[in-house]
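What follows is the residue order along each chain.
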Amino acid sequence: MAEITAGMVKELREKTDAPMMECKKALAEANGDMAKAEEILRIKLGNKATKAATRIAAEGVVGLYLSPDGKLGSLVEVNCETDFVAKNEEFLALAKGCAELVATKNPADVAALAALPMGEGTVESTRTALIGKIGENMTIRRFVRLEAQGKLAAYVHGGSKIGVLVDVSGGDDQLAKDIAMHIAAAKPKSLDAAGVPAELIETERRIAIEKAREAGKPEAMLEKIAEGTVQKFLKDVTLLGQVFVKAEDGKQTIEQLLKSKGATVHAFALFVVGEGIEKKQTDFAAEVAAQAAAAKK
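About the criteria used
Residues numbered from 1 in each chain as written. Predicted model: local features only at pLDDT ≥ 70, side-chain atom pairs only at ≥ 80, totals over all residues. Heavy atoms only, no water. Pairing = 2+ DSSP bridges. Helix = DSSP H or I, 4+ residues; strand = E, 2+ residues; numbered from the N terminus. Axes fitted to C-alpha atoms, helices over the stretch in contact; angles between N-to-C directions. Buried < 20%, exposed > 50% of the residue type's maximum accessible area, 1.4 Å probe, protein only. Polar contact = N/O pair within 3.5 Å; in protein donor to acceptor, adjacent residues only side chain to side chain. Contact = heavy atoms within 4.5 Å. pLDDT = per-residue confidence, 0-100.

Here three strands make up an open sheet; going across it, the order is S1-S2-S5 and the pairing antiparallel. Looking along the sheet, the strands with just one partner apiece sit at the ends: strand S1 (59-66) and strand S5 (138-147). In this sheet, neighbouring strand axes are inclined to one another by 15° on average, regardless of whether the strands run parallel or antiparallel. Summarising the sheet, strand S2 (residues 72-80) and S5 pair through nine bridges and their orientation is antiparallel.

Here's what the structure looks like:
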């Protein structure tokens, strides 16, 4: 049996917002496996245990580039340590410049982007010079580049904390903008079910079976119950299956909306700043006390 430390319990509680004793029990049952313990909590507590999945845990912005003809676009996530720096004009210019380079130069990866010319040097020398000037670390985390089959629409939200590009054929500019805004609000994981990773689907199926079993459902019904849960999950996480956020009847899906307008979505890209990054939590009082103690020594 693996030792369950207070630190492990604290980490799981911060990830899931579940009660401390439930976290300790789940870790014990999972023999210290954090991912398995989180899954156990989801079985017992439902979606209350998915708090960490959407936590925004780092500062920065999403840089956006969209060509005048709407045929080429890119998103770049550039991170920094504080929201104050995320509003700095030079930091914003770095993000915007990187997005344009991604679109026009098509670098293979972040390292290739860093080596491209910018200003009097390169992207990397510009970044390091800005770090020296402002005194705060900055990183270029990721980027995506889209070439449209139809025409790209773009949307940024929350001070460039969320960036969207969507490739739409048919319909009109307002429809494309509405779809982009919907993506920012509903945060689909893929266009349709084919784009959802098999392991995510299998996890939902496994959790559904265990929840139904714990609820006392007959074994013969478990697979049918699980399939219904999986189909609901796919509707929730796929763009075409989601209910349009502006639907007047509260029922019209994106797929139905597109069909009514004679339009098609070919692809989309969504960046949320800090998604998947755990932000360091600082105990200010403890930090001051530690500094005072160090000064006495």
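Moving on to the side chain of glutamate 136. Secondary-structure assignment places glutamate 136 in the loop between helix H7 (123-134) and S5. Classification of glutamate 136 as buried rests on a relative accessible area of 9%. In terms of polar contacts, glutamate 136 uses its side chain to reach the backbone amide nitrogen of threonine 82, at 2.5 Å. Glutamate 136 has contacts with Cys80, Glu81, Thr82, Val85 and Ile131, leaving out every residue within four places of it along the chain.

Another point: unusual backbone geometry. In the Ramachandran plot, asparagine 106 falls in the positive-phi region, its phi being about 50° despite a non-glycine side chain. Relative to the elements of secondary structure, asparagine 106 occurs in the loop between helix H5 (89-105) and helix H6 (110-114). The phi dihedral of serine 160 is positive, around 65°, even though this residue is not glycine. As for its placement among the helices and strands, serine 160 is situated in the loop between strand S6 (151-157) and strand S7 (162-169).

Attention shifts here to the environment of alanine 114. Relative to the helices and strands, alanine 114 is located in helix H6. Residue classification places alanine 114 among the buried positions, given a relative accessible area of 15%. The sequence separation of alanine 114 and threonine 126 amounts to twelve residues, and the corresponding C-alpha distance is 9.2 Å. Apart from the residues lying within four places of it in its own chain, the contact partners of alanine 114 are Thr122, Val123 and Glu124.

Let's shift gears to the environment of lysine 15. The residue lysine 15 is located in helix H1 (residues 6-16) in this model. Judged by relative accessible area, which is 21%, lysine 15 ranks as partly exposed.

Before going further, it helps to spend a moment on the confidence of the model for the chain. Here the chain shows a mean pLDDT of 87. Residues at 70 or above account for 88%. In the predicted structure, residues 51-57 sits below a pLDDT of 50 and forms 16 contacts with residues beyond four places in sequence or in another chain.

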